[in-house]
Amino acid sequence: MHASEDGPHPHGHDHGHDHEHSALSGNALRVRALESILVEKGYVAPDALDAIIETYETRIGPRNGARVVARAWADPAFREWLRRDATAAIASLGYGGRQGEHMVAVENTPEEHNLVVCTLCSCYPWPVLGLPPAWYKSAAYRSRAVIDPRGVLADFGVTLPEARRIRVWDSTAEIRYLVLPMRPAGTEGWSEEALAELVTRDSMIGTGLARDPAGAPA
Amino acid sequence: MKPLDALAAALEPVAPLPRSEAEPAFREPWEASVFAMTVALHQRGLFTWSEWAECLGGAIRAAQAAGDPDLGDTYYQHWLAALETMVARKGVTGAELLAQRKAAWDRAAHATPHGQPILLENDPLFAGGT
């Protein structure tokens, strides 16, 4: 699979003599080696791999989480359920954890802001947010989120009142956190769909806030 | 990069890092493949997700120790190293077979005209499936 995409080596300086033929990068070669052996030994099926990639590239993304947050904003009973048992509340909307992880929703309030990190290996709430952005996986974020969360927020353009506490949640293989951002003022009576448009990926990690309704198409 | 430089890089502000909402999940097809293989092997019960997180954490620490500034762009390289470690640990395939097969794919790629799918059979030394 993907032969045509990673095959040609358009500016192959190492292979200038060989421009009529293809070349693969070292990583691509290692991956093909591993994949072909796993397929031969019956550990994985190519179709199943394609299905997993398709799912994560197109069907699972931050919009899932945005719908969870919008429902929590619009429906107090759902919000209570999410606080009590996020795994079940999120599963009720059809988003389930494939790695068997437990979801915990942490709610932002005027007193407390929540920020999520995984210092070990960038664990991330995939079922609701898709795959992590590059910065989430960087050593800089993993270390600085813990030692200087206010500075990290400033880098993201977020300045919180001095009095607001910041809690940092370190994810594990078993527990993933979803931040429930504060509902923006001026959105009374909005539909869940319109509310979901205000929920950014970063607001559900805690490196951002929900969008200002004035700046969003209502 | 020396470990000290990696440490310095880790203390740089995160601001210059990419953070577009539209950022693709995978930058290259091999990243998607290594991700999918990991998910598939976990689904069939070869390892638990805790084992995986620990193995991946080890690969990240090893890369950092070797000088990787670990800016997030090498994340799936860490996955690849961790997955190679994991399959060896679970007795699925060792480094020797992986290296042989990698060389076969390299020969196959070079023997494949541009624009055509690269198949293992294109390896001039291909001896058929096992």
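Everything in this summary refers to the structure shown in the same document. Here the structure is a predicted model, which means the values were calculated and not measured.

What counts, and where the lines are drawn
Residues numbered from 1 in each chain as written. Chains lettered and ligands numbered in written order. Predicted model: local features only at pLDDT ≥ 70, side-chain atom pairs only at ≥ 80, totals over all residues. Heavy atoms only, no water. Core = buried A, V, L, I, M, F, W, Y, C linked by side-chain atoms within 4.5 Å. Buried < 20%, exposed > 50% of the residue type's maximum accessible area, 1.4 Å probe, protein only. Helix = DSSP H or I, 4+ residues; strand = E, 2+ residues; numbered from the N terminus. Contact = heavy atoms within 4.5 Å. Expected span 1.5 Å × (residues − 1). Arc of directions from axis to C-beta. Axes fitted to C-alpha atoms, helices over the stretch in contact; angles between N-to-C directions. Parallel < 35°, antiparallel > 145°, perpendicular 65-115°, else oblique. Left-handed = near helix turned anticlockwise from the far one by under 90°. Nonpolar A, V, L, I, M, F, W, Y, C, P; charged D, E, K, R; others polar. Salt bridge = Lys/Arg side-chain N within 4 Å of Asp/Glu carboxyl O. Buried area = accessible area lost by both parts, 1.4 Å probe. Polar contact = N/O pair within 3.5 Å; in protein donor to acceptor, adjacent residues only side chain to side chain.

A few words on the nonpolar core. Leu82 of chain A together with Phe35 and Trp79 of chain B are the most contacted members of the largest nonpolar core, which has 100 residues in total. When residues of this core are assigned to their parent elements, the largest contribution, nine residues, is made by helix H2 (residues 29–43) of chain B. Other than its neighbours up to four places away in sequence, Leu82 of chain A contacts Val68, Ala72, Ala89, Ile90, Ala105 and Leu180 of chain A.

Residues and elements named next belong to chain B. Positive phi, normally seen in glycine, also occurs at Asp70, with a value near 55 degrees. The topology assignment puts Asp70 in the loop between helix H3 (49–65) and helix H4 (75–89). Assessed through its relative accessible area of 1%, Asp70 is described here as buried.

Here we take up helix H3 (residues 46–59) of chain A. Between its first and last C-alpha, H3 of chain A extends 19 Å over 14 residues, near the 20 Å set by a 1.5 Å rise per residue. Among the residues of H3 of chain A, those classed as buried are Leu49, Ile52, Ile53, Thr55 and Tyr56 of chain A. Along the axis of H3 of chain A, the buried positions cluster into a sector of 155 degrees, meaning they face one direction only. Exposed and oriented more than 90 degrees from the buried face of H3 of chain A are Asp47, Thr58 and Arg59 of chain A. Residues of H3 of chain A that are buried make contact with helix H2 (26–40) and helix H7 (126–129) of chain A together with H2 of chain B.

As a further point, take the environment of Arg71 of chain A. All names here are of chain A. Following the sequence through the fold, Arg71 ends up in helix H4 (residues 62–74). You can call Arg71 partly exposed: its relative accessible area is 27%. Between the alpha carbons of Arg71 and Leu82 there is a distance of 9.8 Å; along the sequence they are eleven residues apart. When near neighbours in sequence (up to four residues on either side) are disregarded, Arg71 contacts Phe78, Leu93 and Glu192.

Between H2 of chain A and helix H5 (residues 95–110) of chain B, the least distance of the axes is 8 Å, while the angle of their chain directions is 115 degrees. With respect to their mutual orientation, H2 of chain A and H5 of chain B come out roughly perpendicular. Classified by chirality, the crossing of H5 of chain B by H2 of chain A is right-handed. Note on element contacts: H5 of chain B touches H2 of chain A through Leu97, Leu98, Arg101, Lys102, Trp105 and Asp106 of chain B, opposite Gly26, Leu29, Arg30, Arg32, Ala33, Leu34, Ser36, Ile37 and Glu40 of chain A.

Attention now goes to the packing of H2 of chain B against H4 of chain B. Packed helix pairs are characterised by how far apart their axes lie and by the angle those axes make with each other. Residue and element names in this part refer to chain B. The geometry of H2 relative to H4 is characterised by a closest axis approach of 10 Å and an angle of 40 degrees between their N-to-C directions. Relative to H4, the element H2 lies oblique. For the pair H2 and H4, the sense of crossing is left-handed. Contacts between H2 and H4 involve Trp30, Glu31, Val34, Phe35, Met37, Thr38 and Leu41 from the first element and Tyr76, Gln77, Trp79, Leu80, Leu83 and Val87 from the second. Considered class by class, the residues forming the contact of H2 with H4 number ten nonpolar, two polar and one charged.

As a further point, take the pattern of salt bridges. Residue and element names in this part refer to chain B. Evaluation of the coordinates by the stated rule reveals 15 salt bridges over all chains. The residue Arg27 makes a salt bridge to Glu31 at a minimum N-O spacing of 3.1 Å. A relative accessible area of 52% places Arg27 in the exposed class.

Moving on to the interface of chain B and chain A. Listed by partner, the interface residues are 69 residues for chain B and 67 residues for chain A. A buried area of about 6,100 Å², summed over both sides, lies between chain B and chain A, and 66% of it is on carbon and sulfur atoms. For the interface between chain B and chain A, the tally reads three salt bridges. For Glu84 of chain B, the salt bridge goes to Arg30 of chain A, with nearest N and O atoms at 2.9 Å. Applying the counting rule to chain B against chain A returns 15 residue pairs in polar contact (both at pLDDT 80 or more). The set of elements that each furnish at least two residues to the side of chain B that touches chain A consists of helix H1 (3–11), H2, H3, H4 and H5 of chain B. If one sorts the elements of the side of chain B that touches chain A by residue count, H2 of chain B sits on top with 13 residues.

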